[in-house]
Amino acid sequence: MREVIIETDAMARFNGAVDAVTSAERGLSGFVLAYGQAGRGKSVAADRYHYTRGGAYVRVWQGWSQSAFLQRVLFEVRGKNTDMPRHSGNRCKEMIVQLLEENRQPLFIDEADRLHIDRIEDLRDIFEMTGAPVVLIGEEGIFGLLHERRRIWSRVAHEVEFGPLSPAEVGIYAMQSAGLEIPGDLCARMAQKAEGDFRLVRNMLLLLEKAARAAGSKTVDAPMLDMALASKSWRRK
């Protein structure tokens, strides 16, 4: 298999939402909330946007203090191969604001549902001072976090849900990543079994690619899929 990224409907909507807040005038910018279960492609979409169009990307670590979080944000906003900042949280925030006032860019905060609400307030402070859009990426639990503070929720300009992978997207992914042709009804079975999880579909394709190679075929049939699905439980946590 090859590592590929397919353009899903959710990814297209995510790109459009981030484009909208990034190109908007300062007073019309805002937060973007990208949410969905694990394995739905949220992080892939954010990472690809950041890589191709710019911005600062931070993946949250569990238990970060204010200083640790803002040091990492400052490190990414700088965008240079410098040492990790060791300033206080408040000093980091001041420096982030100064940099974003000079070069306004989106902040991508992945796994934002792991943050304490006070870190979201830090991001709100930065947004208020600079107009730099903030893109929060997380699982559904992020709604409970944001609803704690109305002043944060009111600044969410766009919500993008990353739903389950569709059967059509399974077929496209199979062809582009493994060169496999999979009939629509089998793609539907795969999508249902994986509950739309990209990672589980990828793992299924690894088995199907091996089975197809052994059969000297590029087309997946029902017995091949039955064997792959019977090989493990495919349960999601």
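Since we're looking at a predicted model, the values are computed, not measured.

Definitions and cut-offs
- Residues numbered from 1 in each chain as written.
- Predicted model: local features only at pLDDT ≥ 70, side-chain atom pairs only at ≥ 80, totals over all residues.
- Heavy atoms only, no water.
- Phe/Tyr/Trp six-rings, centres within 6.5 Å; stacked < 30°, edge-to-face > 60°.
- Helix = DSSP H or I, 4+ residues; strand = E, 2+ residues; numbered from the N terminus.
- Buried < 20%, exposed > 50% of the residue type's maximum accessible area, 1.4 Å probe, protein only.
- Lys NZ or Arg CZ within 6 Å of the ring centre and 35° of its normal.
- Pairing = 2+ DSSP bridges.
- Axes fitted to C-alpha atoms, helices over the stretch in contact; angles between N-to-C directions.
- Contact = heavy atoms within 4.5 Å.
- Parallel < 35°, antiparallel > 145°, perpendicular 65-115°, else oblique.
- Nonpolar A, V, L, I, M, F, W, Y, C, P; charged D, E, K, R; others polar.

Participant: I would appreciate a short explanation of the packing of aromatic side chains in the present structure.
Facilitator: Inspection of every chain in the model, using the stated rule, returns 9 aromatic pairs. Between Phe14 and Tyr49, the ring centres sit 6.4 Å apart and the planes meet at 90°, which makes this aromatic pair edge-to-face. Taken together, the residues span a long stretch of sequence, with Phe14 in helix 1 (residues 9-23) and Tyr49 in helix 2 (residues 42-53) at a distance of 35 residues. Per residue, the accessibility class of Phe14 equals that of Tyr49, and both read buried. Consider the rings of Tyr49 and Phe108, whose centres lie 5.7 Å apart with planes at 50°: the pair is tilted. Note that Tyr49 is positioned in helix 2 and Phe108 in strand 3 (residues 107-110), a separation of 59 residues in sequence. On the accessibility criterion, Phe108 (0% relative accessible area) is buried. Taken together through their ring pairs, the aromatic side chains of Phe14, Tyr49, Phe108 and Phe162 make up a single cluster. The cationic tip of Lys232 hangs over the ring face of Trp234; the distance from NZ or CZ to the ring centre is 4.8 Å.

Participant: For this particular structure, what's the right way to read the sheet that holds strand 5 (residues 156-161)?
Facilitator: Backbone-to-backbone hydrogen bonds join strands into a sheet, with any given pair of strands oriented parallel or antiparallel. Strand order in this open sheet of 5 strands is 2-3-4-1-5, and the pairing throughout is parallel. Pairing within the sheet leaves two strands with one partner each, and these edge strands are strand 2 (56-59) and strand 5. Between one strand and the next, the sheet's axes are offset by a mean angle of 15°, whatever the strand orientation. Contacts between helix 1 and the sheet are confined to strand 1 (31-35), strand 3, strand 4 (134-138) and strand 5, with strand 5 contributing the most and set at about 170° to the helix.

Participant: I tried to follow the packing of helix 8 (residues 167-178) against helix 9 (residues 184-194) on my own but got confused; where do I start?
Facilitator: Helix-helix packing: each pair is described by the crossing angle between the helix axes and the interaxial distance. Running from amino to carboxyl end, helix 8 crosses helix 9 at an angle of 105°, the nearest separation of the two axes being 8 Å. In terms of orientation, helix 8 and helix 9 fall into the roughly perpendicular class. Here helix 8 contributes Pro167, Val170 and Gly171 to the contact with helix 9, which in turn contributes Cys187, Ala188, Met190 and Ala191. Here the residues of the contact of helix 8 with helix 9 sort into 6 nonpolar, 1 polar and no charged.

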